[in-house]
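Single-letter residue listing:
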Amino acid sequence: MYRNKKSGMLGIIITIVILILIVIFSNSESNTSFFENAANKLVMPIQNGLVYLKNKISGNSTFFTDINNLKTENKELKEENSQLEQSLRELENIKTENETLKEYLGLTEKYGEYKTVPGYVINRDISNYSKIIIINIGKNDGIEENMTVIADEGLVGHVISVTDDTAKVRTIIDTSSSISCLMSTNKDSIVCKGTLNSNSEIKAMYIPTDADLVQGDTVETSGLGGIYPKGIHVGTVKKIVSSKNITDRYALVETAVDFNRLNTVLVVKNN
Amino acid sequence: MKKVFINIALVLIGFLIYFLQANFFKWFTIAGIKPNLFVIYVLFIGLFGNGCMGMAYGAGWGIILDLIFEERIGINLFGLALIGIIATIFDKNFSKDSRITIMFMVFGSTIIFEVITYFMNYILYAANIEILNFVGILIIEVIYNILITIIIYPLIQKFGYYIENEYKGSRILTKYF
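Model, not experiment: these values are computed from the prediction. (Residues numbered from 1 in each chain as written. Chains lettered and ligands numbered in written order. Predicted model: local features only at pLDDT ≥ 70, side-chain atom pairs only at ≥ 80, totals over all residues.)

Participant: Explain the overall build of chain A to me, using residue names and the numbers behind them.
Facilitator: Each helix and strand in chain A was counted, giving 3 helices and 12 strands. By the burial criterion, 27% of the 271 residues in chain A qualify as buried. (Helix = DSSP H or I, 4+ residues; strand = E, 2+ residues; numbered from the N terminus. Buried ≥ 20, exposed ≤ 12 C-beta atoms within 10 Å, placed from the backbone.)

Participant: So what's going on with the sheet that holds strand β8 (residues 201–205) of chain A? Which residues, and what values?
Facilitator: All names here are of chain A. Taken in spatial order, the 6 strands close into a barrel running β6-β7-β8-β11-β10-β9, and their pairing is antiparallel. Across the sheet, the axes of successive neighbouring strands diverge by a mean angle of 45 degrees, strand direction being ignored. Taken together, the 6 bridges between strand β10 (residues 233–241) and strand β11 (residues 250–255) define a ladder with antiparallel strand orientation. Looking at the pairing, K239 lines up with L252 of β11. (Pairing = 2+ DSSP bridges. Axes fitted to C-alpha atoms, helices over the stretch in contact; angles between N-to-C directions.)

Participant: Tell me what's going on with the interface of chain A and chain B, and back it up with residues and numbers.
Facilitator: Of the residues lining the interface, 25 residues belong to chain A; the matching set on chain B comes to 28 residues. Residue assignment for the side of chain A that touches chain B shows that the elements contributing at least two residues are α1 (5–27) and β4 (155–162) of chain A. For the side of chain A that touches chain B, the leading source of residues is α1 of chain A, giving 9 residues. When its residues are assigned to classes, the side of chain A that touches chain B shows 11 nonpolar, 12 polar and 2 charged. (Contact = placed C-beta atoms within 7 Å. Nonpolar A, V, L, I, M, F, W, Y, C, P; charged D, E, K, R; others polar.)

Participant: Would you mind going over the confidence of the model for chain B in detail, with residue names and values included?
Facilitator: A residue-level look at chain B finds 95% of positions with pLDDT of 70 or above and a mean pLDDT of 88. Both scores are given for the predicted complex: the pTM is 0.74, the ipTM 0.82. (pLDDT = per-residue confidence, 0-100.)

Participant: Residue-level account of helix α6 (residues 131–168) of chain B, with values.
Facilitator: All names here are of chain B. Over its 38 residues, α6 runs only 42 Å from end to end, short of the ideal 56 Å by more than 12%, given 1.5 Å per residue. Its axis deflected by about 60 degrees at I152, α6 carries its strongest bend there, up to four residues before the proline P154. Here α6 has its buried residues at I137, E141, V142, Y144, N145, L147, T149, I150, Y153, I156 and I163. (Expected span 1.5 Å × (residues − 1). Bend = angle between axes of the 7 residues up to and from the residue.)

Participant: Explain the sheet that holds strand β1 (residues 116–124) of chain A residue by residue, including any values.
Facilitator: All names here are of chain A. The sheet built from 6 strands closes into a barrel, its strands ordered β1-β2-β5-β4-β3-β12 with antiparallel pairing. Across the sheet, the axes of successive neighbouring strands diverge by a mean angle of 45 degrees, strand direction being ignored. Bridge analysis of β1 against strand β2 (residues 132–135) gives 3 bridges, and the strand direction is antiparallel. Looking across to β2, one finds that V121 is bridged to I135.

Participant: Describe the packing of helix α4 (residues 75–93) of chain B against helix α5 (residues 99–125) of chain B, with residues and values.
Facilitator: Residues and elements named next belong to chain B. Packing of α4 against α5 brings their axes to within 9 Å, and their N-to-C directions diverge by 155 degrees. One finds that α4 runs roughly antiparallel with respect to α5. Handedness of the crossing formed by α4 with α5: right-handed. Taking contact as the criterion, the partners of I75, N76, F78, G79, L82, I83, I86 and F90 in α4 are, on α5, M105, S109, I112, F113, I116, T117, M120, N121 and L124. For the contact of α4 with α5, a count of residues per class yields 12 nonpolar, 5 polar and no charged. (Parallel < 35°, antiparallel > 145°, perpendicular 65-115°, else oblique. Left-handed = near helix turned anticlockwise from the far one by under 90°.)

Participant: Please provide a residue-by-residue account of the environment of E144 of chain A, values included.
Facilitator: Tracing the backbone shows E144 of chain A in the loop between β2 and β3 (148–150). In contact with E144 of chain A, not counting residues within four places along its chain, are V159 and V162 of chain A.

Below, the structure written as structure tokens:
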């Protein structure tokens, strides 16, 4: 397609630049602040350098006087800095460990009525259409198919298959997932299904015609279906979408769990 | 011996693609949509390898992906094996020298793979059908796959012709004369 190697390479470089720009723009929430940051990053280092030079030349007469002392001091400070960095790294490790243990403890206390096993999310589906996660506990930890998986905020999904050390979990946001739920205030029964285009919303369907839906109402599992125990928090009603036919109306439920940041889970052993 | 090295290299590339797809492309997305590098991988093996190489690699990686991510084996296995077969058909009917042709092949293969796997998901797991959302995701995924193909095309072409010489060296010219 290209006549020579140079124009071929140019085409590839342009494509790479376009791809990076598309990725940045499609994922950044505020494009204006991105431009501001980029412009600042481009200009500010030079500006800072110029201001530093100006200050040194015009006002600071001691700048050239004791350069040897400064060098020694600088060396000592560098050593001190590396020691502090080392301590900081150790502290950060302890902090992370502490946070994980607290999270486990909090989860276990919250769902004390269930016998649970804690686990980590180690992998997520590589496809755009499936929302299955893989956790680091399996048969060796007593995990079996159809066990309920929860997190601190609420329901995550259920185990669909198990190996010795891992388990696959179909999350409630997966399009193949379907949960029988209850509205917490008026106890109306609904069915919640995952959608393709969102990692934080599920669709509440089959709403009874006489049911009063309230925005902000909480949704929890009904216990029907044999997989999920009753009373686990699923989310809150975010939007009610009405149609001409009242039987077709549906609601969008914001999931309690943030699936983009989900790391720690509990598998409920006895339903 | 060269064929053994080629196959080892192809398997290693497959693993590299898996780790890229599972880690790097989790955050390097276009509006949250990831590309599907396995479609490009199987397509190129089918184009440059011998008759059943594309299908064999497609089936192999399909089984691995099904074992890792799916409830049952079948969806990726069938989809990627089919891409391998389609690539062999493309090889017999189109030239691989044109970047535009390759882009159209990636366009078609990505659409075929995703449509088939989506409807197999519907049949096997009773997934909800959301045509509009599906088409929206698919368009972005196809564009992403094409952009990646444009970037890596020279590399693929070099390695591809090396594979082709090794596997069907004596038969290349008969196609043109």
